[in-house]
Amino acid sequence: MLHIAIIGSGPAGYYTAEAAQKQWGDSVRIDIFDRLPVPYGLIRTGVAPDHQSIKGVARRYETTALSDNVRFVGNVTIGRDVTIAELQELYDAVILATGAPRDRPLDLPGEGLANIYGSAAFVGWYNGHPEFAELDPDLSVDTAVVIGMGNVALDVARILSKTRTEFAGSDIVAHALDLLDTSRLRKIIILGRRGPHQIMMTPKELGELGDLDRARPHVDSADLPEPADDALLEPGIRKSVGHLRRFAEPSGGAFFGAHDIEIDFRFFAAPHALIGTDRVEAIEVERTTLVDGRPVGTGKIERIPAGLVVSCIGYRTEPIAGVPFDERGGRFANTDGRIVHGLYCVGWARRGPSGTIGTNRPDGFGVIEKVAEDKAAGAFGENAREGGGGFDRLAAARGLEVVTFGDWKRIEQAETDRARTGAPREKFVDVAEMIRALG
Ligand code: NAP
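Values in this document were obtained by computation on a predicted structure and should not be read as measured data.

Student: Account for the overall build of the chain, naming residues and giving values.
Tutor: Along the backbone of the chain there are 15 helices and 19 strands. Computed over C-alpha atoms, the radius of gyration of the chain comes to 23 Å, within 12% of the 22 Å expected from 2.2 N^0.38 for 439 residues, which places it in the range of a compact globule. The 439 residues of the chain split such that 54% are buried. Within the chain, contacts between residues separated by at least 24 positions form 73% of all contacts whose residues are at least 6 apart in sequence. Approximately 19,000 Å² of the chain is accessible, and the part contributed by carbon and sulfur atoms is 51%. Within the chain, the 63 negative side-chain charges are centred at a point lying 2 Å from the centre of the 51 positive side-chain charges.

Structure, rendered in structure tokens:
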């Protein structure tokens, strides 16, 4: 019997479990650990609450989780409750699928001022991640600056713009919905250090910004390259740039009412400093010009008033004691998913925060291929490991409150039962509350 521990129950974790099942059938036992009592990682706390169709992929993971040779082991923090070395004693292969839950810092003066958040924290707040439920951003300000030209920046700008009615059918948590309802924001500036041709936004997500009830996107036509230059772009980006051209048309901003919000795209502006006494009051940006596709500062500094700043510039994996880490890349140091003997990584923890949820499927199959190669080469030795049984003994000895998949289904039912009308669930945003829901 082959025993595998997967750390992290998000997309990368489940696709890896699926791949291991395909590879070894009934000859493998898989434990999927999560530090939260609830599964699905990014699907639950990263994917935007108004993108329910994307969250539907969790049903596929559920099929894997309900198989006889897979267990969900929730509410266990690796590195605190149990060490990697202990897991390596118990399992033949330990695969880190812990994602990239930490914000990449801006590394700018003034970054510590109040009402400046990284997207991991801000997205976690409106998605009910227990770690960020208390964030309580100040939305009584007039202008927000969202830094970055990726899909996360779009998510944040859209969530900040929507009316309560537009959240119908979403699972945005009550604390965020209620606070957003009191928002006084009139302007959201999306800031990019490069130009329209260098955005990371995908067409469907960018197009959504043009269909909001009270928010109007606006692009300065002077920032757009010659239309003929779009022909050189990869088709997806070309389509996205088409949306930007639409947002630059004069009618785009013509119907502003007193309660409307302008979403203003500012290109060629690199964040330079954050200004304020206690709270952020403005952001200084340096105008840039592109040299070989890279943004180069022109020395021209401009100050943009901003009472809220959300930085959406990418994520980092959280290091685990004893596991080699690539500081520059912000992920575990690895070669094609191999870290050291018997220890692997997959998904964002392997390659950094890029790609779609589906990108993690080939990644999961890729890491299992490496495990299979190592197994065939005799890397796991002859000694039978204890696997999940050994972990259960360790957990009992330490008094760990392990949450099983059956327990999760009860938590899920309780979340469904307390949902507001039309919403799929009202998430518990506190670990103790989740455990209490189990009775
Ligand atoms: P991303 O796509 O890599 O975009 C990050 C943005 O931040 C880029 O525009 C980048 O600009 C900018 N940036 C980085 N460092 C900066 C700095 N120091 N100053 C100013 N700007 C800086 O990352 P993301 O938006 O966090 O998304 C992560 C992944 O999740 C992506 O693969 C994304 O597609 C995916 N995602 C998908 C969806 C969806 O499909 N609905 C939703 C959310 C996220 P440069 O290009 O100039 O570096």
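There is more to say, and it comes next.
Student: So what about the sheet that holds strand S14 (residues 308-311)? Which residues, and what values?
Tutor: Spatially, S6-S14-S7-S8-S10-S9 is the arrangement adopted by the six strands of the open sheet, whose pairing is parallel. Two strands bound the open sheet, and with one partner strand each, they are strand S6 (116-118) and strand S9 (215-219). When strand polarity is set aside, the average angle formed by the axes of neighbouring strands in this sheet is 20°. Bridge analysis of strand S7 (residues 143-147) against S14 gives four bridges, and the strand direction is parallel. The residue of S14 that forms the bridge with Ile147 is Ser311. Contacts from helix H6 (residues 119-126) reach S6 and S14, with the element oriented near 90° to S6. Taken strand by strand, helix H7 (residues 151-161) contacts S7, strand S8 (187-191), S9, strand S10 (261-266) and S14, and its axis lies near 180° from that of S8.

Student: I'd like to hear about the pattern of salt bridges, residue by residue, with values.
Tutor: Tallying each qualifying case throughout the model produces 38 salt bridges. As a salt-bridge pair, Arg303 and Glu284 come within 2.9 Å of each other at their nearest N and O atoms. Taken together, the residues span a long stretch of sequence, with Arg303 in strand S13 (residues 294-305) and Glu284 in strand S12 (residues 282-291) at a distance of 19 residues. Judged by relative accessible area, which is 51%, Arg303 ranks as exposed. Between Arg393 and Glu386 there is a salt bridge, and its shortest N-O distance comes to 1.8 Å. Glu386 sits in the partly exposed class, given a relative accessible area of 44%. It is possible to trace a salt-bridge network through shared partners that takes in Asp50, Asp155, Arg158, Lys162 and Glu208.

Student: Which residues make up the sheet that holds S13, and what values go with them?
Tutor: Spatially, three strands are ordered S11-S12-S13 in an open sheet, and the strand pairing comes out antiparallel. Of all the strands in the sheet, just strand S11 (269-275) and S13 have a single pairing partner and so form its edges. Averaged over all pairs of adjacent strands, the angle between their axes in this sheet comes to 25°, without regard to strand direction.

Student: So what about the site of the ligand? Which residues, and what values?
Tutor: Of all residues adjacent to the ligand, which total 21 residues, the nearest are Met149, Asn151, Arg193, Arg194 and Gly355. Within the contact set of the ligand, an oxygen atom lies 3.1 Å away from a side-chain nitrogen or oxygen of Asn151. Here Arg193 contributes a side-chain N or O atom positioned 2.7 Å from an oxygen atom of the ligand. Coverage of the ligand by the protein amounts to 81% of the 920 Å² it exposes when considered alone. Considering every element that reaches the shell around the ligand, the biggest residue donor is H7, with three residues. Per-class residue counts for the shell around the ligand are ten nonpolar, six polar and five charged.

Student: Tell me about the layout of surface pockets, and name the residues and values.
Tutor: If a probe as big as a water molecule is rolled over the atoms, it shows which places are left empty. Approximately 300 Å³ is the volume attributed to the second largest pocket. Along the wall of the second largest pocket there are 15 residues; nearest its centre are Tyr40, Lys55, Ala58, Glu412 and Arg425. If you tally residues by element for the lining of the second largest pocket, the top one is helix H4 (residues 58-65), at three residues. Of the residues assigned to the lining of the second largest pocket, the class counts are five nonpolar, two polar and eight charged.

Student: So what about the pairing of S13? Which residues, and what values?
Tutor: As paired elements, S12 and S13 share nine bridges and run antiparallel to each other. The partner of Glu284 across the bridge, within S13, is Arg303. Between S12 and S13, which pair antiparallel in sequence order, lie two residues; one of them, Asp292, sits at a positive phi of approximately 50°.

Student: Any details on the environment of Asp292? Residues and values, ideally.
Tutor: Mapped onto the fold, Asp292 is located in the loop between S12 and S13. Residue classification places Asp292 among the exposed residues on the basis of a relative accessible area of 76%. C-alpha of Asp292 to C-alpha of Gly314: the two residues are 22 residues apart in sequence and 22 Å apart in space.

Student: Describe the packing of aromatic side chains, listing the residues and the values that go with them.
Tutor: Summed over the entire model, instances satisfying the criterion amount to 15 aromatic pairs. Ring centres of Phe122 and Trp125 lie 5.4 Å apart, and the angle between their planes is 45°; on these two criteria the pair is classed as tilted. A residue pair is termed a helical-turn pair when its members lie 3 or 4 positions apart in one helix, as Phe122 and Trp125 do in helix H6 at three residues. Classification of Trp125 by relative accessible area gives buried; the value is 1%. Members of the aromatic cluster, connected to one another through ring pairs, are Tyr14, Tyr15, Tyr40, Tyr61 and Trp408.

Thresholds, definitions, all that
- Residues numbered from 1 in each chain as written.
- Predicted model: local features only at pLDDT ≥ 70, side-chain atom pairs only at ≥ 80, totals over all residues.
- Heavy atoms only, no water.
- Helix = DSSP H or I, 4+ residues; strand = E, 2+ residues; numbered from the N terminus.
- Rg over C-alpha atoms; globule rule 2.2 N^0.38 Å.
- Buried < 20%, exposed > 50% of the residue type's maximum accessible area, 1.4 Å probe, protein only.
- Contact = heavy atoms within 4.5 Å.
- Areas by Shrake-Rupley, 256 points an atom, 1.4 Å probe, with all protein chains shown as cover.
- Lys, Arg positive; Asp, Glu negative; His and termini not counted.
- Charge placed at Lys NZ, Arg CZ, Asp CG, Glu CD.
- Pairing = 2+ DSSP bridges.
- Axes fitted to C-alpha atoms, helices over the stretch in contact; angles between N-to-C directions.
- Salt bridge = Lys/Arg side-chain N within 4 Å of Asp/Glu carboxyl O.
- Near = heavy atom within 4 Å.
- Polar contact = N/O pair within 3.5 Å; in protein donor to acceptor, adjacent residues only side chain to side chain.
- Nonpolar A, V, L, I, M, F, W, Y, C, P; charged D, E, K, R; others polar.
- 1 Å grid on protein atoms, 1.4 Å probe; cavity = no way out; pocket = protein on both sides within 12 Å on 5 of 7 lines; lining within 4 Å.
- Points joined across faces, edges and corners; volume = space filled by probe spheres on them.
- Phe/Tyr/Trp six-rings, centres within 6.5 Å; stacked < 30°, edge-to-face > 60°.

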